[in-house]
Amino acid sequence: MSRRTLFAVEEIPEHLLQYFEPARNKHCTIKPLALTEYLARLIRPPEAYLDEAVILVPFCGTGSEIIGAIKAGWRRWLGIEIDEQYAEIARVRITYWQKQAEADREKRAQLEMELQT
Ligand SMILES: C[S@@+](CC[C@H](N)C(=O)[O-])C[C@H]1O[C@@H](n2cnc3c(N)ncnc32)[C@H](O)[C@@H]1O
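This is a predicted model, so every value here is computed, not measured.

S.K.: Report on the overall build of the protein chain, specifying residues and quantitative values.
M.R.: From N to C terminus, the protein chain includes 3 helices and 2 strands. The helix and strand sequence of the protein chain, counted from the amino end, reads α-β-α-β-α. Split into buried and exposed, the 117 residues of the protein chain put 23% on the buried side. In the protein chain, the proportion of contacts linking residues at least 24 apart, taken out of those at least 6 apart, comes to 58%.

Laid out in structure tokens, this is it:
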């Protein structure tokens, strides 16, 4: 039987799956990352402002809205969560997506340099 997760399995490395399964992530209002990314894209400022702009996510739960923002290109964020267990899950998930986004940006910059030469 395949593992049940709340997110697209192909997006998540095996060693992090435990943080995404209902057994570990019991948050009551988990949302699909595609939805949170779409919403964050609607309010994302133009590229020139992204180094200064900060997206504030109060009551951030396990981080889905922050991850959506990172996937939508936001670079700075601030999340507030009172429950330490939810905050820990958020930290793990956000760290993973932040690394992905940084790697993507580096790849894009490299490609642009190659195209210019
Ligand atoms: C309805 S959930 C929303 C979670 C997340 N934004 C989402 O959409 O998945 C509200 C969250 O706010 C947290 N919370 C409640 N009171 C809080 C407070 N005073 N300060 C920070 N977080 C709080 C709860 O622990 C819960 O994770």
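S.K.: Break down helix H3 (residues 84–116) for me, citing the residues and quoting the values.
M.R.: A rise of 1.5 Å per residue sets the reference length of H3, with its 33 residues, at 48 Å; its end C-alpha atoms lie 47 Å apart and thus fit the reference within 8%. Turning to H3, its buried residues number three or more, namely Ile89, Ala90, Arg93 and Ile94. Along its buried surface, H3 packs onto helix H2 (64–71) and strand S2 (76–80).

S.K.: Mind laying out the site of the ligand, listing which residues take part and the relevant values?
M.R.: Around the ligand, 13 residues are found, and the nearest of them are Thr29, Phe59, Gly61, Ile82 and Asp83. When grouped by side-chain class, the residues that make up the shell around the ligand number 6 nonpolar, 3 polar and 4 charged.

S.K.: Explain the packing of H2 against H3 to me, using residue names and the numbers behind them.
M.R.: The contact between H2 and H3 brings their axes to 9 Å, and the two run at 5°. Between H2 and H3, the crossing angle belongs to the class labelled roughly parallel. Residues Ile66, Ile67, Ile70 and Lys71 of H2 touch H3, and the partners they reach there are Ala90, Arg93, Ile94, Trp97, Gln98 and Ala101. Looking at the contact of H2 with H3 residue by residue, the classes come out as 7 nonpolar, 1 polar and 2 charged.

S.K.: Tell me about unusual backbone geometry, and please be specific about residues and values.
M.R.: Non-glycine residue Phe59 carries a positive phi angle of around 60°. If you trace the backbone, Phe59 turns up in the loop between strand S1 (54–58) and H2. Take Phe59: there are 12 C-beta atoms within 10 Å of it, and that puts it in the exposed class.

S.K.: Any chance you could break down helix H1 (residues 33–42) for me, citing the residues and the numbers?
M.R.: Residues of H1 that are buried: Leu33, Thr36 and Ala40. Mapping the buried residues of H1 onto a view down its axis gives an arc of 65°, with all of them on the same face. Exposed and facing more than 90 degrees away from the buried side of H1 are Ala34, Leu35 and Leu42. The inward-facing, buried residues of H1 contact S1 and H2.

S.K.: Go over the pairing of S2, please, and point to the residues and values.
M.R.: In S2, alternate side chains face the same way, and those of Trp77 and Gly79 are buried while those of Arg76, Leu78 and Ile80 on the opposite face are not. Pairing analysis gives 5 bridges linking S1 to S2, with the strands arranged parallel. Within S2, the position partnered with Leu56 by the bridge is Leu78. The β-α-β motif built from S1, the intervening H2 and the parallel element S2 has right-handed crossover chirality.

Analysis parameters
Along every chain, residues carry numbers that run from 1 in the direction the sequence is written. Thresholds applied to this predicted model are a pLDDT of at least 70 for local features of residues and 80 or more for the giving and counting of side-chain atom pairs; totals over whole chains, interfaces and linings are not thresholded and use all residues. Helix and strand definitions here come from DSSP, where helices need a minimum of 4 consecutive H or I residues and strands a minimum of 2 consecutive E residues; each element is numbered from the N-terminal end. We call a residue exposed when 12 or fewer other C-beta atoms sit within 10 Å of its C-beta, buried when the count reaches 20 or more, and partly exposed for counts in between; the C-beta positions come from the backbone. Residue pairs are scored as contacts if the distance between their C-beta atoms, which are placed from the backbone, is within 7 Å. Each helix should span, by expectation, one fewer than its residue count multiplied by 1.5 Å. Nearness between a residue and a molecule or strand is assessed with a C-beta atom placed from the backbone; a distance within 6 Å qualifies. Three classes are used: nonpolar for Ala, Val, Leu, Ile, Met, Phe, Trp, Tyr, Cys and Pro, charged for Asp, Glu, Lys and Arg, and polar for all others, with Gly counted as polar. To get an axis, a line is fitted to the C-alpha atoms, and for a helix only the part in contact is used. The angle between two axes follows their N-to-C directions and goes from 0 to 180 degrees. By the definition adopted for this analysis, an angle is roughly parallel if under 35 degrees, roughly antiparallel if over 145, roughly perpendicular if from 65 to 115, and oblique otherwise. Within this analysis, the arc is defined by the directions that extend from the helix axis to the C-beta atoms. A pair of strands is considered paired only if DSSP assigns at least 2 bridges between the two. By convention, orient the strands away from the viewer: a clockwise path from the first strand over the helix to the second makes the crossover right-handed.

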